[in-house]
Amino acid sequence: MKILIIEDEKQLVKSILLALRNEGYVCEVAYSAAEADEKIVLFEYDCILLDINLPDGNGLNILERIKDNKKTDGVIIITAKNSLDDKVRGLNLGADDYLAKPFFMPELIARVSAIIRRKRFDGSNKVVFHEIAVDLLGKSVNVKGKELDLTRMEFSLLVFLIANKNRVVSKNAIAEHLSGDDAELLDKFDFIYSHMKNLKRKLTEAGSEDYIKTIYGLGYKFST
Amino acid sequence: MRLLQVNIRGLLLYSVVLVLISIPVSLFSIQAILAEEVDESIAHQADQFLTHIKSFEYLDDLETDLKVLDKLSNNIHIRPADNNKFVNKDYQTTSLYDSIEHAVRPFRQMSSHVLVKGKPYILTVQMSLVDNNDLVMAIGLVQITVSVLLVGGLLFLNRSLSKRLWKPFYKTLDQLKAYELDKSESIAIESSNINEFNDLNKTVSHLTERNRRVFLNQKEFIENASHEIQTPLAIFQSKLDTLMQSPNLSQMEADTIMDLESTAQRIARLNKNLLLLSKIDNEQFLQTEPVNVDEIIRSQIDSLAPMAALESTKITAELATLTIYANKTLVEVLISNLLHNAIRYGAKKETIGVTLNDKRLSISNIGVARNMNIEQMTQRFSKESSDPNSSGLGLAIVKKICDSCGYKLEYSFSNSTHIFSVNF
């Protein structure tokens, strides 16, 4: 699974590379629009992370060229300019997702994996992890063939954790993922703790192994 | 008091005082001059008369003639004098019966002893003062008329002239009053033929133009700065994530990383809100569409219910349907900020009431009394709580949205209930 990162900020690229390679993705980097143009013509990617503000050009133009070349690459726009216009334009041009800086790494990883899933499996959209099978379209979870009764929060929590398996995911990242801007109202620990407790209970009661580990002080880890 | 009024008040006061003083002074002086004139004329007449009499002293029956004369003459009387009283040129003003006009009239008369043919006589010469009085009256009348015309004319002239003269000034003033740094274009000046006003206008337009440019720069700067901060923040957060993945973190290290992450998030939120404020300022939310307010409220209450439930707070809603033409993003931010506010400052285990009817949205929560009024509350970075999650910008954004969309924001507090209302 190949990912192209088009971003001029070297430090950010370094962290993204580290995180994505850990997830087993093959990553390439373009630090400028010119470099990116070269790469998108020559290679196919499963997912492209595209920064809109590049020193030598606007990322949206690159997006146009990607779509002109009839590439099926999934594109996630990453931008410091969180403007609605850019978002609408980007999505209209055929971007698959839009992520505003600053973002949490687990969020990026979850979005990348969602896109790759969509591109790879053409909408079948099932995630299977050992005995746990998640149907992303039907929003249902099976453990050993037995369907779990999860709340909306618990469902997205599970999907988020599976996407970030074997990584520590902080409480802040989880809260932001679950409730967006409303997260600022949360006493994160209480909020996540109760949902996590219920999710763990429901999974283990259905006979699944207890994959969700509490990392003290930081957050949680879905470890295999 | 207006400048013109002060100006004319001084002028008027001066002229009125002057006129009031001048009327009696001139009347009296004219009267005095006239009286002197009359006395002189009487004395002259008497002298002339005596000279004539002297030239007739050769007549034998002059005594009889004088008697006849006394009878015939109206103004000059001469009769034998009593010896015991001697007067010389005694002037008097008396009222006498005027046989011509058949009325009692003021007269000036002079009595004097004279000797005709060695015999003492009293010569009395009279002159009517009526004509003089009429003259004085006429002069006085003219003067009063002139002064009334003077004052009235001054008033009228000043008013009409100054209205015209000061027109450019008031125009500039009106423009300045209507001037809003964040909205208006620069002030268009109108040239007048008065140098001072031209100077004023030039200065004003120069000043406003410079202010506007500084303001625009500032706005742009805030937006650019907020954008520029996003990338370093993204790097910061990504590095923290990398750090988090390292195994065998001590508890202290883990705590520190969490604190850093929370702080980074706080900066990110602050930055986002600042950016939102400056975007509203920069009118980047001009696009309007039909917005279903009750639907937005309902969906936000749905997503906020879990947060409210954490504090055992219940949200009740009584919503009439309301569709307005507005920018959807702004309406969403407006409602979400008010709801956040109610949840954050509402007392635990109480109810937050949301009502929407007659284009009026009210959000009430029970809470302790605050020392702030609405102006203070809606100021940037003014907050009473030390909650690190509160940016102090929420209500400032609400106010900004209300101002920019023409909604009215109201706040009331009674029975320990805070109510924020928005009239769409």
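Shown above is the structure to which this text applies.
Residues numbered from 1 in each chain as written. Chains lettered and ligands numbered in written order. Predicted model: local features only at pLDDT ≥ 70, side-chain atom pairs only at ≥ 80, totals over all residues. Heavy atoms only, no water.

Novice: Describe the interface of chain A and chain B, and please don't skip the residues or the numbers.
Specialist: With 39 residues of chain A in contact, the opposing surface of chain B contributes 36 residues. In total, about 3,500 Å² of surface goes out of reach between chain A and chain B, with carbon and sulfur atoms giving 56% of it. The interface formed by chain A and chain B holds 2 salt bridges in total. Notably, a salt bridge pairs B:Arg269 with A:Glu176, separated by 3.0 Å at the nearest N-O pair. Inspection of the region where chain A meets chain B yields 12 residue pairs in polar contact (both at pLDDT 80 or more). Residues of the side of chain A that touches chain B, tallied by class, amount to 17 nonpolar, 9 polar and 13 charged. (Contact = heavy atoms within 4.5 Å. Buried area = accessible area lost by both parts, 1.4 Å probe. Salt bridge = Lys/Arg side-chain N within 4 Å of Asp/Glu carboxyl O. Polar contact = N/O pair within 3.5 Å; in protein donor to acceptor, adjacent residues only side chain to side chain. Nonpolar A, V, L, I, M, F, W, Y, C, P; charged D, E, K, R; others polar.)

Novice: So what about unusual backbone geometry? Which residues, and what values?
Specialist: Geometrically, the link from A:Lys101 to A:Pro102 is a cis peptide bond, its omega value of -10° lying close to zero. By the element assignment, A:Pro102 lies in the loop between strand E7 (97-100) and helix H5 (105-121). Positioned with a positive phi, B:Lys349 is a non-glycine residue whose angle comes to about 60°. Within the fold, B:Lys349 resides in the loop between helix H8 (328-345) and strand E8 (351-357). (Helix = DSSP H or I, 4+ residues; strand = E, 2+ residues; numbered from the N terminus.)

Novice: Account for a nonpolar patch on the surface, with residues named and values stated.
Specialist: On the surface, a nonpolar cluster with roughly 380 Å² of combined accessible area is contributed by B:Leu13, B:Val17, B:Ile21 and B:Val25. Mapped onto the fold, B:Leu13 is located in helix H1 (residues 3-55). (Patch = residues over 30% accessible without salt bridge, like charges linked within 9 Å, V, L, I, M, F, W, Y side chains within 5 Å. Areas by Shrake-Rupley, 256 points an atom, 1.4 Å probe, with all protein chains shown as cover.)

Novice: I'd like a description of the nonpolar core, backed by residues and values.
Specialist: One finds A:Leu158, B:Val354 and B:Phe424 to be the most contacted residues of the largest nonpolar core, which totals 80 residues. Other than its neighbours up to four places away in sequence, B:Phe424 contacts B:Val293, B:Leu322, B:Ile324, B:Leu334, B:Leu356, B:Lys359, B:Leu361 and B:Tyr407. One finds A:Ala19, A:Cys47, A:Ile76 and A:Phe103 within the second-largest nonpolar core, a separate group that totals 25 residues. (Core = buried A, V, L, I, M, F, W, Y, C linked by side-chain atoms within 4.5 Å. Buried < 20%, exposed > 50% of the residue type's maximum accessible area, 1.4 Å probe, protein only.)

Novice: Give me the lowdown on the packing of helix H6 (residues 152-163) of chain A against helix H7 (residues 171-179) of chain A, citing residues and values where you can.
Specialist: Residue and element names in this part refer to chain A. Between H6 and H7, the least distance of the axes is 10 Å, while the angle of their chain directions is 130°. Looking at the two axes, H6 sits oblique to H7. Between H6 and H7 the crossing geometry is right-handed. Here Met 153, Ser 156, Leu 157 and Phe 160 of H6 come into contact with H7, specifically with Ala 173, Ile 174, His 177 and Leu 178. Grouping the constituent residues of the contact of H6 with H7 by class yields 6 nonpolar, 2 polar and no charged. (Axes fitted to C-alpha atoms, helices over the stretch in contact; angles between N-to-C directions. Parallel < 35°, antiparallel > 145°, perpendicular 65-115°, else oblique. Left-handed = near helix turned anticlockwise from the far one by under 90°.)

Novice: Break down H6(A) for me, citing the residues and quoting the values.
Specialist: In a regular helix each residue adds 1.5 Å, so 12 residues correspond to 16 Å; H6(A) covers 17 Å between its end C-alpha atoms and thus fits that length. By the burial criterion, the buried members of H6(A) are A:Met153, A:Glu154, A:Phe155, A:Leu157, A:Leu158, A:Phe160, A:Leu161, A:Ile162 and A:Ala163. (Expected span 1.5 Å × (residues − 1).)

Novice: Go over the pattern of salt bridges, please, and point to the residues and values.
Specialist: Applying the stated criterion to the full structure yields 19 salt bridges over all chains. Residue B:Arg108 pairs with B:Asp39 through a salt bridge whose shortest N-O separation is 2.6 Å. Residue B:Arg108 is found in strand E3 (residues 103-116), and its partner B:Asp39 is found in helix H1; the two are separated by 69 residues along the sequence. By relative accessible area, B:Asp39 is classed as buried at 15%. By sharing partners, the salt bridges in this structure join A:Glu7, A:Asp51 and A:Lys101 into a single network.

Novice: Got a sec to walk through the side chain of B:Asn341? Specific residues and values, please.
Specialist: Residues and elements named next belong to chain B. Positionally, Asn 341 belongs in helix H8. We classify Asn 341 as buried; its relative accessible area is 11%. Among all residues touching Asn 341, those that are not within four sequence positions of it are Gly 346, Leu 395 and Phe 420.

By themselves, these are just geometric observations and shouldn't be taken as functional.
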